[in-house]
Amino acid sequence: MPAPLTPDSVLQGLTPPQREAAMTIDGPLLVLAGAGSGKTRTITRRIAYMVACGIPAWNILAITFTNKAAGEMRTRVASLLSGAGNMGRGATVATFHSLCARLLREFAADANLPNTFSIFDSADQTKLIKQAIKDCSLSVDNFQPGAVQSAISNAKNKLQTPEAFAVNAAAFFERNVARIYAKYEALLRENKAVDFDDLLLKMAILLRDNATVRQTLEERFQYVLIDEYQDTNHAQFVIAHMLCRNHKNICATGDPDQSIYGWRGANLSNILEFEQFYPNAKVVLLEQNYRSTKVILQAASALIARNTKRKKKDLWTDNQKGEKIVLLKAADEHQEAAEVVKRMKAAKEKEGLSWSNCAIFYRTNSLSRVLEDALMKAAIPYQIARGTEFYARKEIKDMLAYLRVVANPADSVNFERIVNVPPRGLGDTSLTRVQSFGAEFDLSLLEACGQSHQIPGLAPRAAASCKKVAELFKAWRAAAYPNEPAVPAAEASEAPLSEEEEESLADLFNQSEEAAEELPLNEPPFVTGTQHSSPITHHSDIRGLMDRIYKESGLEADYKKEDDTENAKAANIEELITVAAEFDAQNPTGTLNDYLEQVTLASDVDKLQDAGGSVTLMTLHAAKGLEFPWVAIIGMEDGLIPHSRAISGLSGNNDDMEEERRLAFVGITRAMVRLTLSSARYRMVRGETIRTIESQFISEMPDEIFDLVDLTAENDDAGSVGYHDEGGYGRRAQKERRSYESTAQRSEADALAGEFKRGMLVRHAQFGLGRIEEISAAGTMTRAVVKFQTSGTKKLILQYARLEKVDA
DNA sequence: TGGAATTGGCTTTTT
DNA sequence: GCCAATTCCA
């Protein structure tokens, strides 16, 4: 019997500031929660407190950053509210993206969206952008899809429609992006799809322009809480504030020092200027840290103090002082990884930790490989926070593409992906014909396939193959949506195949038909052929649909005939089917769209298991919000942390640099007891070994908190060229021969990088006297940022700049 | 048309 | 060094 829920009982054990935050439920509230200050605890208690005060849970909306965080919050709130009966049920806890997806489905008509839209992931998006570029008769070489994609994404985050974007587009590039953007939007519409950014943009615009919808939702969500507010972008800002326009019951929690998503459009001023926006807002600071040792906190505070864009906040802790931070300098990345692993193992044994107490962070995903090798060699279990990796596999994407087309037959992007997978004799030439036919009569690719017999110039065999595919999809669609009248496209393909056509296709479709026949008739819920059973309406059966597609599409036969031994593809699909079965079990009323949405909006951290008994590897970004007793951050090098892209400072200010510093701060503050920061003197980057420089962030923290472990032989300056034994043969030798010159340049660059150091006084023939502010090694080029006394700050390439050292 | 072989390009972070 | 896209060949 859970204790009765009273406001007092809910607040038990909170500190005065936490209590104040939890008890402020009406009006705007900003909770500035330092790292490890018990924010989640405060938020969950706050929700429970509201319910205890008589606010029904279904009037409460909490928005988190990841699905995992949402899940955790849901669980914690549920256990706090277990004694609250009905009043405690029905709170909405979701991420911005999943919330918007859900609401846009509910208000599809108001949002001017088709009722079953698909959500395109970045890969789909890229394909569509490429097509848009081509459709604008521009070249993919001149307009890099990636660059266009981020330009469009930025525009969407700022709620700029193509028209609005065009108005502001002055330069050549922007003007063309405006055209591409408009075309891209048209293509999305044709595919009945929205991209990630659209979920936010369309919801924001709907709330902004449609008073009825706004009122409905404002009544539904009378209390709104937004976590990780420092990472919200403009669209999210608009959504949040439109939802609270009248009641103003908005609680934003976050920490400006942990804002690490500026590159994705997050706008730090959302949190910095919260009080300007709501002049009567209450602000609560949570400054006491319960997580880390004094030493770790000291390091973190010293580092973050270098930033200018922040709200001053003094973290303190009652925890013990703790051990010094290990500053590890290795000769190369292999030694670095081996040593980190060795020390982790030692710490585990000495201090009685479990593997799941340990985590290793890095700036870029590519750094995980060396670590994996080292961990495998040491036979240590590990997990990588890369849940999306599984979904990125070809066979998985193919399978999901089938499902996506079933859910949304207008999705030509995904249809194109699998129309010839497994091979069905539909190559480029055939497909182009189908495409142009579809374009002419305003049909989706699948619809065009259904009418393949009318397509001029299409080889009979290809036409028959098209028709067959269209029929497969018709059958799957009917099975998945038993209550739906047959779609027109399917009707168009009524004409039965001629005998000849059947015959000529026999070899292509042989396996799949056999497989279909083999399906046991009573194996629920599907029966072969066009018989209609309708289990889906009553019970989610993604698994059944997937099973059926796997067999009938010919994928299974295709994968299984592949050279025996390790049948990785088939195994992965089986894994996918297993996971789908879990979805069915957990979401009995879930639809195909729900499933696809979950899969598409899943993030890396979402897949992490808590007590897996294994070491956790992840990027610094993914580490946000987590904590571990033992932490190592590898690759503490200039160009990595801070990343070279931030150093080169294309944005012209040092916002990027500050964000990198915050990223390091986030990493450091994840550690509870032990922290190791490591760097490698030489590191292989994209197949080239480069000489590295220690991260400037190291020098921004006080020396005395470090315990230096230097494994590099200090005499390698002269002999550095021969450091790496190159076994030169094969393609590598070829490449080496070709790039002999650049190799020579590189050792010169290495030498230069060794010669010039940060802080050094130098003279330039043209710019005069200056001081080196940064040094960065980037491939064959070593760059220096030099602040000149009279000519300002310049970025120079050392090889060409001919700098002279000046002795003070 | 489809598979194999070669080449060029490239990497920051993710909903 | 790795991957995707392109080219080459049966």
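Structure shown above.
What you see is a predicted model, and the numbers here were worked out from it, not measured in a lab.

Trainee: Just checking my understanding: could you explain the sheet that holds strand S6 (residues 223-226) for this structure?
Mentor: Consider a sheet: its strands pair through backbone hydrogen bonds, and that pairing is either parallel or antiparallel. Read from one edge of the open sheet, 6 strands run S3-S2-S6-S7-S1-S8, paired in parallel fashion. Taken across any chain shown, the strands that pair with only one partner, and hence form the sheet edges, are strand S3 (92-95) and strand S8 (282-286). Neighbour-to-neighbour, the strand axes of this sheet turn through a mean angle of 15°, independent of strand direction. Both strand S1 (residues 29-33) and strand S7 (residues 250-254) contribute to a ladder of 4 bridges, which runs parallel. Across the sheet, the residue bridging to Leu32 is Gly254, located in S7. Taken strand by strand, helix H2 (residues 16-23) contacts S1 and S8, and its axis lies near 145° from that of S8. Packing against the sheet, helix H5 (residues 96-106) makes contact with strand S2 (60-64), S3 and S6, and its axis sits at approximately 110° to S3.

Trainee: In this structure, what is going on with helix H16 (residues 333-351)? I would like to understand it.
Mentor: Each full turn of the α-helix corresponds to 3.6 residues, which orients residues three or four apart in the same direction. Here H16 spans 26 Å end to end across 19 residues, near enough to the 27 Å set by a 1.5 Å rise per residue. Buried within H16 we find Glu333, Glu336, Ala337, Glu339, Val340, Val341, Met344 and Ala347. On the buried face of H16, the contacting elements are strand S9 (325-332), strand S10 (358-362), helix H17 (368-377), strand S12 (615-619), strand S13 (628-633) and strand S14 (671-685). The distance from a side-chain oxygen at the start of H16 to the backbone nitrogen of His334 is 3.1 Å, and the residue carrying that oxygen is Asp332. Taken from the residues just after H16, Gly352 is the one with a positive phi, measuring 65°.

Trainee: Would you explain the side chain of Ser259 in this entry?
Mentor: Examined against the element boundaries, Ser259 turns out to sit in the loop between S7 and helix H13 (269-272). Exposure remark for Ser259: the relative accessible area of 2% places this residue in the buried category. Not counting residues within four places of it along the chain, the set of residues in contact with Ser259 comprises Gln230, Asp231, Leu268, Glu659 and Arg662.

Trainee: What am I meant to see in the packing of H2 against helix H3 (residues 39-52) here?
Mentor: Geometrically, a packed helix pair is captured by the angle between its two axes and the distance between the axes. Put simply, H2 and H3 touch, their axes get as near as 8 Å, and they point 40° apart. Accordingly, the angle class assigned to the pair H2 and H3 is oblique. Helix-helix and strand crossings are classified by hand; for H2 and H3 the assignment is right-handed. Note on element contacts: H3 touches H2 through Arg41, Thr42, Arg46 and Tyr49, opposite Gln18, Ala21, Ala22 and Met23. Residues belonging to the contact of H2 with H3 are distributed by class as follows: 4 nonpolar, 2 polar and 2 charged.

Trainee: I would appreciate a short explanation of the pairing of S12 in the present structure.
Mentor: Sheet faces and side chains relate simply in a regular strand, where the side chains alternate between the two faces. With respect to burial, S12 is a largely interior element, 5 of its 5 residues being buried. Covered by surrounding structure in S12 are Val615, Leu617 and Thr619 together with Thr616 and Met618, the residues of both alternating faces. Two elements, S10 and S12, share 4 bridges in a ladder whose sense is parallel. Considered in S12, the bridge of Phe361 is made with Met618. Relative to S12, strand S11 (residues 382-384) runs parallel, the two sharing 3 bridges. Within the sheet, the bridge partner assigned to Tyr382 lies in S12 and is Val615.

Trainee: What am I meant to see in the environment of Gly770 here?
Mentor: Positionally, Gly770 belongs in strand S18 (residues 768-778). Residues Gly770 and Gly759 lie 11 residues apart in sequence; the distance between their C-alpha atoms is 9.6 Å.

Trainee: Explanation requested: the pattern of salt bridges in the structure shown.
Mentor: When charged atoms on two side chains of opposite charge get close, those side chains can pair. Per the counting criterion, the structure on display carries 33 salt bridges. Here Asp227 makes a salt bridge to Lys39, at a shortest N to O gap of 3.1 Å. Placement of Asp227 in the loop between S6 and helix H12 (234-243) and of Lys39 in helix H3 is noted, with a sequence separation of 188 residues between them. In this pair, the class of Asp227 matches that of Lys39, namely buried. Among the ionic pairs, Asp255 bridges to Lys313, the shortest N-O distance being 2.9 Å. Residue Asp255 is found in the loop between S7 and H13, and its partner Lys313 is found in the loop between helix H15 (294-304) and S9; the two are separated by 58 residues along the sequence. Each member of the pair, Asp255 together with Lys313, is buried. What you see here is one network of salt bridges that share partners, running through Lys39, Asp227, Glu228, Asp231 and Lys624.

Trainee: In this structure, what is going on with the protein's contact with DNA strand B? I would like to understand it.
Mentor: Around DNA strand B sit 26 residues in total, of which Arg363, Thr429, Ser430, Ser603 and Arg645 are the nearest. When atoms of DNA strand B within 4 Å of the protein are split into backbone and base, the sugar-phosphate part holds 51%. At a separation of 3.3 Å, a sugar or linking oxygen of DNA strand B approaches a polar side-chain atom of Arg264. Taking Arg645, its side chain carries an N or O atom lying 3.0 Å from a phosphate oxygen of DNA strand B. The residue makeup of the surface near DNA strand B, split by class, is 6 nonpolar, 13 polar and 7 charged.

Trainee: Would you take a moment to explain unusual backbone geometry for this structure?
Mentor: Glycine aside, negative phi is the norm for most residues, and most peptide bonds take the trans geometry. The step from Val421 to Pro422 runs through a cis peptide bond, and the omega angle for that step is -5°. With an omega of 5°, the peptide bond running from Ile641 to Pro642 counts as cis. Summarising the element assignment, Pro642 is placed in the loop between S13 and helix H31 (644-647). If you check the backbone angles, Lys248 has positive phi at about 60° while not being a glycine.

Each value, and the rule that gives it
- Residues numbered from 1 in each chain as written.
- Chains lettered and ligands numbered in written order.
- Predicted model: local features only at pLDDT ≥ 70, side-chain atom pairs only at ≥ 80, totals over all residues.
- Heavy atoms only, no water.
- Pairing = 2+ DSSP bridges.
- Helix = DSSP H or I, 4+ residues; strand = E, 2+ residues; numbered from the N terminus.
- Axes fitted to C-alpha atoms, helices over the stretch in contact; angles between N-to-C directions.
- Contact = heavy atoms within 4.5 Å.
- Expected span 1.5 Å × (residues − 1).
- Buried < 20%, exposed > 50% of the residue type's maximum accessible area, 1.4 Å probe, protein only.
- Polar contact = N/O pair within 3.5 Å; in protein donor to acceptor, adjacent residues only side chain to side chain.
- Parallel < 35°, antiparallel > 145°, perpendicular 65-115°, else oblique.
- Left-handed = near helix turned anticlockwise from the far one by under 90°.
- Nonpolar A, V, L, I, M, F, W, Y, C, P; charged D, E, K, R; others polar.
- Salt bridge = Lys/Arg side-chain N within 4 Å of Asp/Glu carboxyl O.
- Near = heavy atom within 4 Å.

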